[in-house]
Amino acid sequence: MGTALIYDEEMTKYKLLWVDPACKIEVPERLTVSYEALVRSGLSDRCVSIPPREATDAEILLAHSEEYLEAVKKTPYMTLEDLKEFTLQYGDVYFHPNIYHCAKLAAGSALQLVDSVMTGKVRNGIALVRPPGHHSMRSAANGFCVFNNVAIAAQYAKQKHGVKRVLIVDWDIHHGQGVQYCFEDDPRFNSSYSLRTCSRLNRLNILLIIFILVFYSVLYYSWHRYEHQKFWPNLRESDYDSVGKGNGAGFNVNVPWNKVGMENSDYLSIFCHVLLPVAYEFCPDLVLVCAGFDSAIGDPEGEMCATPDIFAHLTHLLMNLAGGKLCAVLEGGYNLTSLPQSVCQTVQTLLGDPLPQPAGLRSPCKSALESLQCVRSAHRRYWSFLKHAANQPSTDISTKRIKLANEEEGKTEMAVEERAAEIKEWPEPPERPSPPVRCASLLPEDVACPDGLKLFSSSKDLHPLLASKLQNGADDQDALITVSRLYAMIEKMLTNEIGSGLVLISDISAAMMGALQDLPSDLVDRVLVVCVGKEKDLNYLTTDGKMLFVQISDEDKEKEKNKYFIPVSLKKGCSDTAGFIQAVLGLLLPLAYEYDPTLVLLVRTPGSGVDDSMWQQLIGLLLGFAKGHTLVLMQTNEKVHVGPTASALLGRPAPPLLELQTLDQEDGEALERLRERLQTDWKMLQTTSEGTE
Ligand code: Q9C
Ligand code: ZN
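Conventions adopted
Residues numbered from 1 in each chain as written. Chains lettered and ligands numbered in written order. Predicted model: local features only at pLDDT ≥ 70, side-chain atom pairs only at ≥ 80, totals over all residues. Heavy atoms only, no water. Phe/Tyr/Trp six-rings, centres within 6.5 Å; stacked < 30°, edge-to-face > 60°. Helix = DSSP H or I, 4+ residues; strand = E, 2+ residues; numbered from the N terminus. Buried < 20%, exposed > 50% of the residue type's maximum accessible area, 1.4 Å probe, protein only. Pairing = 2+ DSSP bridges. Contact = heavy atoms within 4.5 Å. Axes fitted to C-alpha atoms, helices over the stretch in contact; angles between N-to-C directions. Expected span 1.5 Å × (residues − 1). Bend = angle between axes of the 7 residues up to and from the residue. Near = heavy atom within 4 Å. Polar contact = N/O pair within 3.5 Å; in protein donor to acceptor, adjacent residues only side chain to side chain. Areas by Shrake-Rupley, 256 points an atom, 1.4 Å probe, with all protein chains shown as cover.

### Focus: the packing of aromatic side chains
Reasoning step 1: As enumerated under the stated definition, the model contains 26 aromatic pairs in all.
Reasoning step 2: Centre to centre, the rings of Y68 and Y90 are 6.1 Å apart; their planes meet at 85 degrees, and the pair counts as edge-to-face. Pair noted here: Y68 is in helix 4 (residues 66–73) and Y90 is in the loop between helix 5 (80–88) and helix 6 (99–118), with a separation of 22 residues, a long-range link. Assigned by exposure class, Y68 and Y90 land together as buried.
Reasoning step 3: Between the aromatic rings of W223 and W257, the centroid separation amounts to 5.8 Å while the plane-to-plane angle is 50 degrees, which identifies the pairing as tilted. Highlighted residues: W223 in strand 5 (residues 217–225) and W257 in strand 6 (residues 252–257), separated in sequence by 34 residues. Both residues of the pair, W223 and W257, count as buried.
Reasoning step 4: What links up through ring pairs into an aromatic cluster is the set Y68, F86, Y90, F95, Y100 and F147.

So, in structure tokens, the structure goes:
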């Protein structure tokens, strides 16, 4: 199961033929530098190369009107003067005699990608296309876009492949208003094509189509530079309160950035506290990404400060949704250095390489937290995972917008002058070498080693510390030997000879205590210990920051909490998928990002009640930390779970979570209180702007 790469040089063969400052950044080199970077880094060779095709008229009509299509069809025959005039009726876009051909290829590329993923030819993929798509509307080109590649692909996925729920994640720095308009009315009856087809069919077929459409929906998520409506395309409906209309309410999620200079922590915070909770509750069958990289550092349009490696994390966080079915389609990205770096980070992640460490995260900024708080508040009535979100800030940021709009009248140039200078330098993203052994295992003799795992054998002598213990006649020699092998395994993980590890052990408590209480500090400086289920004596845990302990169980350990010991209590324990996923997305992930562990130890205590798909989701998400060095400890009598665990540790996508119950009211409130209490120590847990500067 590979990664598709769709590219054709033909899409570099149109350009701006006259002077237009608004359009001069949209150049053919955007595509050539991106593709060349993939070739140079050897990534393109690892992908399955798939040729684009032209989208057909019928396919383009899935998102556009016949009048508009007919008009665009004439552009290849226009003179330069005609093209200029044709262009004038639209905003921030240009036409060229070859752009219609390229636009058909761009849309067709997205469809080829959807076909390859939906038929199982590949697991995921990316299409490098020009022109981009997300600004184009039913009857209008806009913002360098001619046809709405991703909107067409979403409709196509529903019709051709019967996909029920499509999640569109638009991480481009502009608002894809074209996508919003296409789907905001009602996710179930949004296909003009279907409705038009309806009128030509008999009643039985109409009933059939309605029956099918009722269960079909598209959720559109976008973050975008907004600056209280002062930034292009300056639309009122790009704000957080456009949540979708009618039956589509809740299916349009807008996150406005009201300041430039947003950083990695701001992006990750929105993913943990807005997008992922909604996405996991929505439970998509397919994820489409409007993959614009103008949200990266150095981009003249976005003016944000997120580094290219952030796209590795954004990609990874989406890769366990929809059973891994993810199609990324290029949108914007205008800095010819950060664009190819960001494309490479995305592709390398799609291929399954270890993630770069998200080092040096700062606290999300006040403005980002204001946006976060507003979006969560606007959506909490639609999504049970956001039900306990706080109210929007007392000083309503939309009021700010109206005030600013009035003040700014007549002096709109101010904003331009205030702009931060374009950043020209940032460090090259780190290398991401794959370990020779992806996942090693230590298993009892009666358990077969799952395919793809390598049985661990330690050639090294005992760790000196343990050797001396053994000589002193420690009471449990067997346990010491096991712990010693654990250390040897950890050592190999830290030198990147091994990626992840799976250990089955007869006494998990003893092993955990053994592994942690004497863990030589020269071995690891920060261990994230995630404990799924009950565990009795934990008094060997330190509070010096060398380990961060997060436990999810049905035990209430109210008194023991401190910064590095975080028990999360759910009434029904880990068998409550809704509570569990809330705790993982809203607490564990942000904590892990901020802590930045060098090793993750995941402990599954016997009878924890966690179901296999939830367990696999957890492993998949944890592999995003510590360069993929996750060590799983399980008890010998849980061998039925070895298969699913191994599969997740090898980076295979987890199956979607079915039967998400609604979160228990008291559990939800308790989680919210816990997060509030921990916020002073852990800045990534903040979900409101109150009390921040
Ligand atoms: N500086 C995409 O990224 N506005 N389109 C430019 C304001 C148009 C961006 C003028 C930006 C369009 C796909
Ligand atoms: Zn853009």
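Still more ground to cover, so stick around.
### Details of the sheet that holds strand 12 (residues 527–532)
Reasoning step 1: Taken in spatial order, the 8 strands make up an open sheet running 10-9-11-16-15-12-13-14, and their pairing is parallel. The open sheet terminates on both sides in strands that have one partner only, identified here as strand 10 (454–455) and strand 14 (565–569).
Reasoning step 2: Where strand 9 (residues 437–442) lies against strand 10, 2 bridges are found, and the strand directions are parallel. Counted as the bridge partner of A440 is K454 from strand 10.
Reasoning step 3: Contacting strand 12, strand 13 (547–553) and strand 14, helix 20 (residues 577–595) crosses the sheet at an angle of about 180 degrees to strand 13.
Reasoning step 4: Set on the sheet, helix 22 (residues 642–649) makes contact with strand 9, strand 11 (498–505) and strand 16 (630–635); between it and strand 11 the angle comes to about 165 degrees.

### Section: helix 11 (residues 264–282)
Reasoning step 1: Along its 19 residues, helix 11 runs 25 Å from first to last C-alpha, staying within 8% of the 27 Å computed at 1.5 Å per residue.
Reasoning step 2: At F271, helix 11 shows its maximal kink, close to 40 degrees.
Reasoning step 3: Counting buried positions along helix 11 gives 18 out of 19 residues, so the element sits mostly inside the fold.
Reasoning step 4: Backbone geometry just downstream of helix 11 places C283 in the positive-phi region, at approximately 60 degrees.

### Focus on the site of ligand 1
Reasoning step 1: Not every one of the 14 residues close to ligand 1 is listed here, only the nearest: D92, G143, D294, E301 and Y334.
Reasoning step 2: One of the side-chain N or O atoms of D294 is found 3.1 Å from an oxygen atom in ligand 1.
Reasoning step 3: The side chain of E301 places a nitrogen or oxygen atom 2.8 Å from a nitrogen atom of ligand 1.
Reasoning step 4: In the complex, 89% of the free accessible area of ligand 1, which totals 400 Å², lies under the protein chains.

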